[in-house]
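The lines below spell out each chain.
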Amino acid sequence: MTSAGESRPVPPTTLFDAVGGEPTFRRLVDRFYAGIAADPLLRPMYPEGDLGPAAERMTLFLMQYWGGPNTYSAQRGHPRLRMRHAPFRIGAAERDAWLSHMRRAVDELALPPELAATLWDYLERSAYFMVNVMEDPAAR
C-alpha cells in the first residue's frame, strides 16, 4: 500500500516502451544490417552504397509500428510494405536469409521471452507476407 501522494510506476503500454524504446530498435536494426551487409543474396537488394538510409527507414518504421513516434509516416506516408518491396525478387531463399539475420538480431537484444516472442511473431509474418515469387516445387 502506498501513502497519500506517493506515486506508483506506470507499466509500459506499448511494446516500444516495454523493450526500452528507440535505443533497442536501433540496436536491433544495426545488428540486422550488419548481417545484410555481408550477405551475397540480400545485399544486392539494397541499391544504395550506404545501408544507412535503409536502416534508418526500417528503424523508424518499426518504432512507429510498435507504438513509438510517427516519424516514419510523417516522412514517407503510409508504409505500403508490399508495394515498396515489389521491385525486388523475394522468394523463399530471400525470406529465409532475411529471417536468419533478423533472428540473430532479436536474440542479441536478450529481451524477456514474451516480448521477444511478440516481436518475432510480427517479423516472421511480415517476412512471409513479402514473398512475391512463387517457386515451382517440381523445378527443384
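Residues numbered from 1 in each chain as written. Predicted model: local features only at pLDDT ≥ 70, side-chain atom pairs only at ≥ 80, totals over all residues. Heavy atoms only, no water.

In the nomenclature of an unreviewed UniProt entry, the protein chain corresponds to Globin from the organism Micromonospora antibiotica. As stated in UniProt under Sequence similarities (unreviewed entry), the record for the protein chain gives "Belongs to the truncated hemoglobin family. Group II subfamily." (UniProt positions renumbered as here; feature names shortened; annotations may be inferred.)

A.B. asks: Whenever I open this one, the overall build of the protein chain confuses me. Can you help?
C.D. replies: Each helix and strand counted, the protein chain has 7 helices and 0 strands in total. Over its C-alpha atoms, taken along the principal directions, the protein chain stretches across nearly 70 × 30 × 25 Å. Buried residues in the protein chain amount to 38% of all 140 residues. Relative to all contacts within the protein chain whose residues are 6 or more apart in sequence, the contacts with residues 24 or more apart total 66%. For the protein chain, the computed accessible surface area is about 8,400 Å², with 58% contributed by carbon and sulfur atoms. Each charge class in the protein chain can be summarised by its mean position, and for the 16 positive and 17 negative side chains these summaries are 4 Å apart. (Helix = DSSP H or I, 4+ residues; strand = E, 2+ residues; numbered from the N terminus. Buried < 20%, exposed > 50% of the residue type's maximum accessible area, 1.4 Å probe, protein only. Contact = heavy atoms within 4.5 Å. Areas by Shrake-Rupley, 256 points an atom, 1.4 Å probe, with all protein chains shown as cover. Lys, Arg positive; Asp, Glu negative; His and termini not counted. Charge placed at Lys NZ, Arg CZ, Asp CG, Glu CD.)

A.B. asks: Can you walk me through the nonpolar core in this structure?
C.D. replies: Judged by nonpolar contacts, the single largest core of 40 residues is most densely connected at Y33, L62, W98 and M102. Contributing elements (two or more residues each) for this core: helix 1 (15–18), helix 2 (22–37), helix 3 (52–65), helix 6 (92–109) and helix 7 (113–130). Top contributing element to this core by residue count: helix 7, with 8 residues. Dropping the residues within four chain positions of it, L62 is found in contact with F25, L28, V29, Y122 and L123. (Core = buried A, V, L, I, M, F, W, Y, C linked by side-chain atoms within 4.5 Å.)

A.B. asks: Is there a simple way to think about the pattern of salt bridges in this case?
C.D. replies: Proximity of charged atoms lets side chains of opposite charge pair with each other. Following the criterion strictly, the structure yields 7 salt bridges and no others. Linking R26 and E22 is a salt bridge whose minimum nitrogen-to-oxygen distance equals 2.8 Å. On the criterion of helical spacing, the pair formed by R26 and E22 is a turn pair, its members being 4 residues apart in helix 2. The network of salt bridges with shared partners includes E22, R26 and E56. (Salt bridge = Lys/Arg side-chain N within 4 Å of Asp/Glu carboxyl O.)

A.B. asks: Help me out: how do you make sense of the environment of R103 in this one?
C.D. replies: Positionally, R103 belongs in helix 6. Of note is the side chain of R103, whose polar atom sits 2.8 Å from the side chain of D107. (Polar contact = N/O pair within 3.5 Å; in protein donor to acceptor, adjacent residues only side chain to side chain.)

A.B. asks: Is there a simple way to explain the side chain of E94 in this structure?
C.D. replies: Considering the arrangement of structural elements, one finds E94 in helix 6. Judged by relative accessible area, which is 8%, E94 ranks as buried. In terms of polar contacts, E94 uses its side chain to reach the side chain of R89, at 3.0 Å. At 2.8 Å, the side chain of E94 forms a polar contact with the backbone nitrogen of G91. E94 has contacts with L41, L42, M45 and R89, leaving out every residue within four places of it along the chain.

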